[in-house]
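The lines below spell out each chain.
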Amino acid sequence: MITRTKYDPKEIEQRWQAKWEADQIYHAPDESPKENFYHLVMFPYPSGDLHMGHWYNYSAHDAFGRLKRMQGYNVMQPIGFDAFGLPAENAAIKRGIQARDWTLANIERMRDQLKAMGAGWDWQREVVTCLPEYYKWTQWLFLQFYKHNLAYRTKAPANWCPSCNTTLANEQVLADGTCERCGSIVERREIDQWLLKISAYAEELLKFEDIDWPEKTVTMQTNWIGRSEGAEVRFTAEIEGKTEAISVFTTRPDTIYGVTFFVLAPEHPWVEKLTTPDRRADVEAYIEQARRESEIERMNTEKEKTGVFTGGYVTNPVSGEPVPVWIADYVLMGYGTGAVMGVPAHDQRDFEFARKFGLPIRQVICAEDEEPSDPATWDSAKAALGTMINSGPFNGTPASESKARVIRYLEEKGIGKATVSYRLRDWLISRQRYWGCPIPIVYCDSCGMVPVPEDQLPVRLPEYVQFKATGESPLRYEKDFLNTTCPSCGGPATREADTMDTFICSSWYYMRYTDPHNNEEAWSQKRIKEWMPVDQYVGGIEHAILHLLYSRFFTKALRDMGHLPFGEPFKRLFHQGMVLGPDGQKMSKSRGNVEAPDRYVEKYGADTVRSYLMFLGPFDAGGSFKAENLEGVWRFLNRFWTLVTESWNDNPTNEQNAETRAIERLRHKTIKRVTEDLENFHFNTALAALMECNNALIKQQKSPVANSAEYRKALETMMQLLAPMAPHITEELWHLTGHQGSIHLSEWPHYDEAKTQDETFTLVIQVNGKVRERLEVPANINEGEVRQLVLATPKVQSFIGDATIQKFIYVPGRLANVVVRKG
């Protein structure tokens, strides 16, 4: 008999959290007879407070992990902190404190908040990316990339945020040309920078056969990589008495005879070579103007076309015609070769450019259903495939053969070749900021660029620095850090003052979780083989072409270096939706619609907040947080508490009858629904099934069946099914009802498919399609029995009368329809 009657989440939750931590029930041992299951959520940035979005993501993630643990898996569910980055540095500058102190204080606070959530984290595996014991291995990984020619330094145009005073990867510039972090307009600057050769893996990154990922994410990565098939064509120019070649990539080699102008990116090295003295002033002014524009602005198709003639010419290698060379900001040095052949008749961008500057437009492709026409009468380019015209020896070549024939000609003449091009460019990882992982490279006047030996890692980041009002990296002025000795000759040298993009840290953290305390290597092969790849990964779709693409690149590269036995990091991926404010808008301080979880946890308890967030709607869709709706979940948990505490019977009866069989069917049905829903991340419908079951059991609470073993078993099963979503209340009830051990280590309930079927169903009877009767019939009734029963029913007989039965239609488990004809 249970004597406690009040549900007090504040007392229950803190007590059980302490007990779980003391017993380490969520620690996944490396050696276990159970099958390993690696369940991972994207780790948080230590901002200092868990917001409602964290709770939404982590609660559901935790529920799934608890399900797998109860299903018998050795579940590793680790947590850590992605602790380097600009917010900490900006906070340090603003508050006059050290980035390290701000970060570690925030981590301490967020640890407490994460524990208050009651999630089953394996805290023994925690990683913090800003600590030397972690970033030592980030530096080691950089050296592996450097050793295998996948990390290199070059002077090239870079995205520069004037507010953050640092470079940005292309993926960190928003569609409107602003910095994703601060919103400032991003500029283009040419500086020395470090890059990783992700482009070397472009083709393999397009393959997703071995992973179960959302189609939208696969599409986003595929589009970002941007594979295009075409031809590389070599145009030539006379420069200082010599013939030099310049290549362009085109997906339409069949339009080669339609080239009427040639465009170089303003940054292209040939601009200097081809610009004539009389054009130099205009060209230099245009280059300076383009330098101030962001890449996104330059690529904007709505932007009016601008450009300047250089005075120089190149020769079309097929037609032999001289082609005027222009520079224009819509051509980017980082795409293809930084040169474009202008075919205005068959490319809208080229068409607009030609119209603006009065350049010739020549039709060289004619669609099958059209006749050649004067381009001067056109309103836009004709981009369709078709028969080649005005193309010398290729005239009359049909669309089905044109590209292949032209490419074959280019290759035979040695003036071009078939080529595959990618939109993806190498990953710029240099950041001119302090709070990041130091790049383990030194510069020596005698030896040049020298990697730091592995046995001298980590290159430690100074813990206390003086920030400049300009926002420049203080590492450039920290003499104790900057000045060092050359590892090669022992002479004076300087360290690299740039730090790494923080996405480097998060590109491998999931590997470190497998062996977090290894001081000899980033991970042991034994541990990585036991745990990796990650079985289930949960995180936001906003990282589809940042973290998720980078992690795949890291994994494939490390596999090829011999450090990993697999090529994909995450087997299955799920993207959560977003929690919106009560007004249906994204939560933000400026809108005043931010809802912090702490006050609701204080009022209702963690289980209510967790369950409410999972009940909002489909996990991948999100929904609006409305505080008043917490009351509904709160009432459900209280009703469930009351049901169990008032109905639990230590000495149930074993009598079998229709009522006990109905309870047993309800139990098996609920197990099936909740199991299938949780396995598919349908937490809202899993909770709905439990609420329905709870209501059904409450209705029977005062009846004799409540004394049965089946009823008690249903209560026990309800506790287990609810445990993943509401871990505290279920643990408390589990022990109040006399169970030993944690409910979260108990075996997940099984269902019998046969017992999920009802014994009877309501048969709807129609005559000529109109409902005339309803009968309760056995579930296993066959069609012959249904026909006999229906036709013997008095009400049906009265509607049939002396009419002729033409047809008898039976839909199993639903209805019977008697079709009759009078006379």
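Read on for a plain summary of the structure. None of the values given here were measured: they were computed from a predicted structure.

Cut-off values and rules
Residues numbered from 1 in each chain as written. Predicted model: local features only at pLDDT ≥ 70, side-chain atom pairs only at ≥ 80, totals over all residues. Heavy atoms only, no water. Pairing = 2+ DSSP bridges. Helix = DSSP H or I, 4+ residues; strand = E, 2+ residues; numbered from the N terminus. Axes fitted to C-alpha atoms, helices over the stretch in contact; angles between N-to-C directions. Phe/Tyr/Trp six-rings, centres within 6.5 Å; stacked < 30°, edge-to-face > 60°. Contact = heavy atoms within 4.5 Å. Buried < 20%, exposed > 50% of the residue type's maximum accessible area, 1.4 Å probe, protein only. Polar contact = N/O pair within 3.5 Å; in protein donor to acceptor, adjacent residues only side chain to side chain.

Observations concerning the sheet that holds strand β22 (residues 534–539)
Spatially, the four strands line up as an open sheet ordered β2-β1-β22-β23, and their pairing is parallel. Either end of the sheet is taken by a strand with one partner, and the two such strands are β2 (74–76) and β23 (570–575). Averaged over all neighbouring strand pairs, the angle between strand axes comes to 20°, with direction disregarded. Note that strand β1 (residues 36–41) and β2 share three bridges and pair parallel.

Digging into the packing of aromatic side chains
Applying the stated criterion across every chain yields a total of 48 aromatic pairs. Through pairs of rings, three or more aromatic residues link up here, namely F37, Y56, F64, Y73, F574, F619, F681 and F683.

Some details on the sheet that holds strand β27 (residues 770–778)
What the four strands build is an open sheet, ordered β27-β26-β29-β28; its pairing is mixed. At either margin of the open sheet sits one strand with a lone partner, and together these are β27 and β28 (804–811). This sheet shows a mean twist of 20° between the axes of neighbouring strands, independent of strand direction. The pairing of strand β26 (residues 760–767) with strand β29 (residues 815–821) spans four bridges and is parallel. Note that in β29 the partner of I765 across the bridge is A816. Contacting β26, β27, β28 and β29, helix α24 (residues 783–792) crosses the sheet at an angle of about 130° to β28.

Considerations on the pairing of strand β9 (residues 308–315)
With six of eight residues buried, β9 is to be regarded as a mostly interior element. In this structure, β9 lies alongside strand β10 (residues 322–327), joined through five bridges in antiparallel fashion. Note that in β10 the partner of V308 across the bridge is I327. Connecting β9 to the antiparallel partner β10 that follows it, the hairpin turn spans six residues, and G320 within it adopts a positive phi of roughly 80°.

Structural notes on the environment of E631
Residue placement: E631 occurs in helix α19 (residues 630–647). Among the residues examined, E631 registers a relative accessible area of 29% and is labelled partly exposed. C-alpha separation for the pair E631 and Y612, spaced 19 residues apart in sequence, amounts to 9.1 Å. With sequence-adjacent residues up to four places away left out, E631 is seen in contact with K603 and Y604. A distance of 2.7 Å separates polar atoms of two side chains, one belonging to E631 and the other to Y604.

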